[in-house]
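Tertiary structure, described
Spelled out, the chains give:
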Amino acid sequence: MFSADAAMASTGIAAVAVLVMVLIAMSAWVLRSQRIAVEVARQQETDAIGSLLSESAGRMLAAGELSPLRSAISTAARNWDLSVCRIVVGKQQVIADADPHQISMQTLPDQWSQLAQNDSSTAGEAQFFPIEVPGRGIAQLQIVPAAAKVDYWQTQAGMGVGAVIVLTALLLLYRFTAGKLRPMWLVRDALGAVAAGDRSADRLSISPTFGEEAVAWNALVGEACRGAQPNLQRTSDQRAAREQASDLDAACDVMTSGLLLVDARMRAKFANGATAVYLRTRREKLVGQDISALLGDDRVLNAVRSIATGSAQGSVTIEVERKDENGSGVLRFTVRPVRKSDAGAAMIVIDDITQQRVADAARNSFVAQVAHELRTPLTNIRLYVETAIEDDTGDVAQLRNALNIVNSESRRLERTVSEMLSVSEIEAGSIRLRSDDVRLDEMLNEVKGDFAQQAKDKNITFEVSLPPKTPTLQGDRDKIILTVHNLIGNAFKYTPRGGRIAVTLDVQTGKALLDVADSGIGIAPDEAELVFDRFYRSKDERVSKITGTGLGLTLAREIARLHGGDVTLQSEINKGSTFTLSLPLTEARAA
Amino acid sequence: MKINEKRQGAVTIIQPAAALVSADAEQFGEAATRAMNASLGRIVVDLSAVAFVDSRGLEVLLDLAEEVERGGRTLKLCMTNPTVRQVLELTGLVPHFEYFDDTHSAVRSFL
């Protein structure tokens, strides 16, 4: 930037110097011309005076009038501003002079000798005019005009002022153009730097305060420099490509299915996070490695090998059950060929279907159980109805017995259906309670009758104790009956022959408590809470021999809790269990 | 601290019996990691008995969540009480977990 300034400065100074010199030369020339003109004028004036004066002096000399001549000379000198004005005769004898002291000859001679010079001439500033005086000789008039007291100061002042004005104008012009030209000089500097190899946008830019040109230049420089940095561009392209790749990676990593891409030599080309989890390894150890050992099942291995090498077409699905010291589970391997030439040879999708299997097994066992539960009463009903139809004897007592059994079995069917519906309602979260008047005493008596036969068959002492006043509570009648039946039914199931079951109803303020106590196999403490879980069957081997859906207690508790009550357990293994159903009494109404 | 583990279907439900703080949290972390490895990530953390979680407890839960995320899943918590829930909200950790009101719905979500 300094060079620009220096260039500007030197050019400016040179221009100004030249102009100043021109001005001086002009003024000197003008002055000279003026002076010459004045001198010429003066010369002409002197000539005119000289000739006039010499003529009149000649006449006066001829007439011998010396005094008038002398006064004429003085007057002329005074009027015409002559420093010297004299008449000279003979040998430099001054007979008349403006300055009286110069007069050397007092009287006019009659004759004189010739002068040395006879012609009009000039010697220095003096001008000589010959005067022919007939009869006497030739005299000489000498005139020296006074120095031109011409004052040039006006001219000089005028020139000075002109010079000042011009210089000021020049200065203003200089400042104006300098300001305008400066960005151009800076651009020139920047271009010089570019020629030297500089590509930095910072260094090549100029201050935008210089105006539009500077801003435009900076924009150009910016664009050019950006384009001139291919390395940076490549890096950012690479980064973008990496980000894109990692987007796909990230997307694959949030899948719960494992994705495994395998080449023809059984090496993993790509594996997502879930694959690493299912194959019990780390992803770093997976990529690029032979995965044969990790698959854990020969069927899968063979399928992958045959599809990867192209010897088999179509996709294969294999479910593998794995049980090892780390746990158990079921994995589903779906192996498909990948037809694109360079994307690997086989794609394996791994799904963890353990929970699905469990749910399926539970559902299947439940359905089987329900079917069994339905079949038994249906069989009984059919049996007794057929007997009644075929009976010819008309035995009313037998008929009534048959009808009673049909009735109770129908109710049993009803309960089973109700249980199934409740289970599905609980699963769906849509269980609803009706609000009936439930007369506990009636209900319990009915229940007693339902189980009478079972008690007899298994030789179990079955007692139902009611307080003198049994209340009526508000609740869903069907579901409460179901609950009570479940509890008592369990008691019968898990009490061996010759045992005892006691059902006791206790009415307290605000709630009714129904105890179902048996002398059965009991429940171990660690299972005490578990028995209430859905589909849970006790690990006790005695239980596994007995059929059950695993839902009875779950339902019982769910229904009790929906009413605002609960089912609790007290048990001792091999001694027996007491299940307590508590239900709130909204109105303490005695029967 | 006692840590209850029970199997429901294919899922292991792990239930710490006290607040997840300092050394107890570490113990829980180890047990949960073992359970996770055994069941291929099919675990549910039952927080019904956890009254409070401190910073160590949060770290342990986050570590577990990260492990589970490697397999594309999210760590499932059930029955978090309001205090624990508030702690998770204040620390901005809510999005790292899935929440369930009971163990059954948590287990069902594995289907």
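Description of the structure in this document. (Residues numbered from 1 in each chain as written. Chains lettered and ligands numbered in written order. Predicted model: local features only at pLDDT ≥ 70, side-chain atom pairs only at ≥ 80, totals over all residues. Heavy atoms only, no water.)

With that out of the way, let us pick up the overall build of chain A. A count of helices and strands for chain A gives 16 helices and 17 strands. For chain A, the proportion of its 591 residues judged to be buried stands at 38%. Contacts in chain A between residues far apart in sequence, at least 24 positions, make up 59% of those at least 6 positions apart. About 34,000 Å² of surface is accessible on chain A, with carbon and sulfur atoms providing 55% of the total. (Helix = DSSP H or I, 4+ residues; strand = E, 2+ residues; numbered from the N terminus. Buried < 20%, exposed > 50% of the residue type's maximum accessible area, 1.4 Å probe, protein only. Contact = heavy atoms within 4.5 Å. Areas by Shrake-Rupley, 256 points an atom, 1.4 Å probe, with all protein chains shown as cover.)

Quick look at the overall build of chain B now. What chain B contains, in helices and strands, is four helices and five strands. Going from N to C terminus, chain B has its helices and strands arranged as β-β-α-β-α-β-α-β-α. When burial is assessed residue by residue, chain B has 48% of its 111 residues classed as buried. Sequence-distant contacts in chain B: of pairs separated by 6 or more residues, those separated by 24 or more amount to 67%. Element-wise, carbon and sulfur atoms account for 51% of the exposed surface of chain B, whose accessible area totals about 4,800 Å².

The next point concerns the pattern of salt bridges. Under the definition given, this model contains 32 salt bridges over all chains. Two residues, Arg-86 of chain A and Asp-97 of chain A, come together in a salt bridge whose shortest N-O distance is 3.0 Å. Pair noted here: Arg-86 of chain A is in strand S1 (residues 82-89) and Asp-97 of chain A is in strand S2 (residues 93-97), with a separation of eleven residues, a long-range link. With its nearest N and O atoms 3.3 Å apart, the salt bridge here joins Arg-70 of chain B to Glu-67 of chain B. A residue is classified by how much of its surface remains accessible, and Arg-70 of chain B, at 29% relative accessible area, is partly exposed. Relative accessible area serves as the criterion here: at 26%, Glu-67 of chain B is assigned to the partly exposed category. (Salt bridge = Lys/Arg side-chain N within 4 Å of Asp/Glu carboxyl O.)

As a further point, take the side chain of Asp-97 of chain A. Residue and element names in this part refer to chain A. The exposure class assigned to Asp-97 is buried, which follows from its relative accessible area of 4%. Within the local environment of Asp-97, its side chain forms a polar contact with the side chain of Arg-86, the two groups lying 3.0 Å apart. Polar side-chain contacts of Asp-97 include one of 2.9 Å to the backbone nitrogen of Asp-99. In contact with Asp-97, other than residues within four places in its own chain, are Ile-73, Ser-74, Cys-85, Arg-86, Gln-102 and Ile-103. (Polar contact = N/O pair within 3.5 Å; in protein donor to acceptor, adjacent residues only side chain to side chain.)

With that settled, the discussion passes to the nonpolar core. The tendency in soluble globular proteins is for nonpolar side chains to be buried as a group. Residue and element names in this part refer to chain A. Core analysis: the biggest nonpolar cluster contains 35 residues, and Phe-462, Val-484 and Ile-488 have the highest contact counts within it. Elements supplying a minimum of two residues to this core: helix H13 (440-458), strand S12 (461-465), helix H14 (477-494), strand S14 (500-508), strand S15 (511-518), helix H16 (552-562) and strand S17 (576-584). For this core, the element with the highest residue contribution is H14, accounting for seven residues. (Core = buried A, V, L, I, M, F, W, Y, C linked by side-chain atoms within 4.5 Å.)

The next subject is the packing of aromatic side chains. In this structure the tally under the stated criterion is four aromatic pairs over all chains. Ring centres of Phe-451 of chain A and Phe-462 of chain A lie 6.2 Å apart, and the angle between their planes is 70°; this geometry places the pair in the edge-to-face category. Placement of the pair is Phe-451 of chain A in helix H13 and Phe-462 of chain A in strand S12, with a sequence separation of eleven residues. Take Phe-462 of chain A: its relative accessible area is 14%, and that puts it in the buried class. With a centroid separation of 5.2 Å and an interplanar angle of 5°, the aromatic rings of Phe-451 of chain A and Phe-492 of chain A are classed as stacked. Taken together, the residues Phe-451 of chain A in helix H13 and Phe-492 of chain A in helix H14 connect sequence positions 41 residues apart. The exposure classification of Phe-451 of chain A matches that of Phe-492 of chain A, with both residues buried. Sitting over the ring of Phe-532 of chain A, Arg-557 of chain A keeps its end group 3.6 Å from the ring centre. Positioned above the aromatic ring of Phe-110 of chain B is the side chain of Lys-76 of chain B, whose terminal nitrogen or guanidinium carbon lies 4.8 Å from the ring centre. (Phe/Tyr/Trp six-rings, centres within 6.5 Å; stacked < 30°, edge-to-face > 60°. Lys NZ or Arg CZ within 6 Å of the ring centre and 35° of its normal.)

This brings us to empty space enclosed by the protein. Residues and elements named next belong to chain A. A complete count under the given rule lists two cavities of 30 Å³ or more for this structure. Roughly 60 Å³ of volume is contained in the largest cavity. Taken together, Leu-440, Met-443, Leu-473, Ile-480, Val-484, Leu-505, Ala-512, Leu-513, Leu-514, Leu-581, Ser-582 and Leu-583 make up the full set of residues lining the largest cavity. Only H13, H14, S15 and S17 provide two or more residues apiece to the lining of the largest cavity. The residue makeup of the lining of the largest cavity, split by class, is eleven nonpolar, one polar and no charged. (1 Å grid on protein atoms, 1.4 Å probe; cavity = no way out; pocket = protein on both sides within 12 Å on 5 of 7 lines; lining within 4 Å. Points joined across faces, edges and corners; volume = space filled by probe spheres on them. Nonpolar A, V, L, I, M, F, W, Y, C, P; charged D, E, K, R; others polar.)

Right, let's talk about the sheet that holds S17 of chain A for a bit. Residues and elements named next belong to chain A. Strand order in the open sheet formed by five strands is S12-S14-S15-S17-S16, with mixed pairing between adjacent strands. Of all the strands in the sheet, just S12 and strand S16 (566-572) have a single pairing partner and so form its edges. Here the strands of the sheet are splayed against their neighbours by 15° on average, with no regard to which way each runs. Relative to S15, S14 runs antiparallel, the two being bridged by eight bridges. Residue pairing for S15: Thr-504 is matched across the bridge by Asp-515. On the sheet, H13 packs against S12, S14 and S15 and is oriented at approximately 175° with respect to S12. (Pairing = 2+ DSSP bridges. Axes fitted to C-alpha atoms, helices over the stretch in contact; angles between N-to-C directions.)

So, about the packing of H13 of chain A against H14 of chain A. All names here are of chain A. It is at 11 Å that the axes of H13 and H14 come closest, and there the two elements cross at 25°. Between H13 and H14, the interaxial angle falls into the category roughly parallel. Along this stretch, H13 crosses H14, giving a crossing that reads as right-handed. Here Met-443, Leu-444, Glu-446, Val-447, Asp-450, Phe-451, Gln-454, Ala-455 and Lys-458 of H13 come into contact with H14, specifically with Arg-477, Ile-480, Ile-481, Val-484, His-485, Ile-488, Gly-489, Phe-492 and Lys-493. Here the residues of the contact of H13 with H14 sort into ten nonpolar, three polar and five charged. (Parallel < 35°, antiparallel > 145°, perpendicular 65-115°, else oblique. Left-handed = near helix turned anticlockwise from the far one by under 90°.)

Another aspect to go through is helix H2 (residues 55-69) of chain B. Residues and elements named next belong to chain B. Compared with an ideal rise of 1.5 Å per residue, which puts 15 residues at 21 Å, H2 spans 21 Å between its outermost C-alpha atoms and is within 8% of the ideal. Where H2 is buried, its residues touch helix H1 (22-38), strand S4 (75-78), helix H3 (82-90) and strand S5 (97-100). At the N-terminal boundary of H2, the capping side chain belongs to Asp-54, with an oxygen 3.1 Å from the backbone nitrogen of Arg-56. (Expected span 1.5 Å × (residues − 1).)

The subject of this paragraph is the interface of chain A and chain B. Across the boundary between the two partners, chain A contributes 25 residues, which contact 22 residues of chain B. A per-residue breakdown of the area chain A buries against chain B is headed by Val-277, Gln-355 and Arg-534 of chain A, which together make up 28% of the total. For the pair chain A and chain B, the interface holds four salt bridges. Among the salt bridges present, the one from Lys-6 of chain B reaches Asp-533 of chain A, with a minimum N-O distance of 3.7 Å. (Buried area = accessible area lost by both parts, 1.4 Å probe.)

Bringing helix H11 (residues 354-390) of chain A into the picture now. With 37 residues, H11 of chain A ought to run about 54 Å at 1.5 Å a step, and its terminal C-alpha atoms sit 53 Å apart, in line with that. Those residues of H11 of chain A not exposed but buried are Thr-354, Gln-355, Ala-359, Ala-362, Phe-366, Gln-369, Val-370, Pro-377 and Ile-381 of chain A.

Shape descriptors only; they carry no functional weight alone.
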